[in-house]
Amino acid sequence: SPSQAVIVSAAKLVFLDRFMDSPSSISSFRIKANGSYRLVQTVSVPTGDAVFLGMAVNPVADYLYAALPVDNQIAVYSFSRGTGILTFVTTVPNFGGLACWITTDSLGTRLYSAETMTGTITTYDITVPGLPVQLQQISLSTTNDPTPAPWNIKTDPTGEFLYAVSNGALHVLSIQSDGTLNETATPVALGAASGDHPYGLATVMK
């Protein structure tokens, strides 16, 4: 039951989380010269935790972050570019409900998590990559989105905005100079049918 794959291109590594496996797990793979994968390692959720869901790689340090939605935590792993081996570092609390999808800024100083149950997005300081520190938790606007439940989030390539897809709306949040978020734009209604929940989200530089 794979839910997400993240790539470390320079190291030819792929990390894959298996959401509904028993136990839930993250596997690391080496990308071989012919494009196929070689399994390196599989790690289970930390002791006492339930499931992994979203993941993000620090763009400037060899750290992987993984959401633990049922336990309201974010797990932190370091990894070796040479071997692909993951090493558990710590877990930090998340004070929203169901932290599912996470992303970082391009500088590797901020980590963002989307909490679907509480309709919130949390900002962490990851200046020290192995020890995220919460800076902010912001509630999403209810305009065009009466019960916000952010499913996925991405920062844009300029580093100025964070996008959140939530139920039938796309939220656009400004990233402030300190990395915290401010939602001033009106959420864009996506026109999804009742009961449909858009999940995927990507940003590109035009």
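As a reminder, the structure under discussion sits directly above these lines.
Here the structure is a predicted model, which means the values were calculated and not measured.

So, about the pattern of salt bridges. Applying the stated criterion across every chain yields a total of 3 salt bridges. As a salt-bridge pair, arginine 18 and aspartate 21 come within 4.0 Å of each other at their nearest N and O atoms. In this structure, aspartate 125 and arginine 110 form a salt bridge, with 3.4 Å as the shortest nitrogen-oxygen distance. Placement of the pair is aspartate 125 in strand E11 (residues 120–125) and arginine 110 in strand E10 (residues 110–115), with a sequence separation of 15 residues. By relative accessible area, aspartate 125 is classed as partly exposed at 22%.

The residue glycine 130 is located in the loop between E11 and strand E12 (133–139) in this model. When the C-alpha atoms of glycine 130 and tyrosine 63 are compared, they prove to be 7.1 Å apart, with 67 residues separating the residues in sequence.

Take the nonpolar core next. Counting residues in hydrophobic clusters, the biggest one holds 18 residues, and the most contacted among them are Phe15, Ile26, Phe52, Leu64, Phe79 and Leu86. Contact partners of leucine 86, with chain neighbours within four places excluded, come to Phe15, Ile26, Gln41, Val43, Leu64, Tyr77, Ser78 and Phe79.

Strands sit in the order E5-E6-E7-E8 across an open sheet of 4 strands; the sheet is antiparallel. The open sheet has two free edges, formed respectively by strand E5 (55–57) and strand E8 (86–93), since each of these has just one partner strand. Here the average twist between neighbouring strands, direction ignored, is 20°. Where E5 and strand E6 (residues 63–68) come together, 3 bridges link them in antiparallel fashion. Among the inter-strand pairings, valine 57 is bridged to a residue of E6, identified as leucine 64.

Quick notes on the rules
- Residues numbered from 1 in each chain as written.
- Predicted model: local features only at pLDDT ≥ 70, side-chain atom pairs only at ≥ 80, totals over all residues.
- Heavy atoms only, no water.
- Salt bridge = Lys/Arg side-chain N within 4 Å of Asp/Glu carboxyl O.
- Helix = DSSP H or I, 4+ residues; strand = E, 2+ residues; numbered from the N terminus.
- Buried < 20%, exposed > 50% of the residue type's maximum accessible area, 1.4 Å probe, protein only.
- Core = buried A, V, L, I, M, F, W, Y, C linked by side-chain atoms within 4.5 Å.
- Contact = heavy atoms within 4.5 Å.
- Pairing = 2+ DSSP bridges.
- Axes fitted to C-alpha atoms, helices over the stretch in contact; angles between N-to-C directions.

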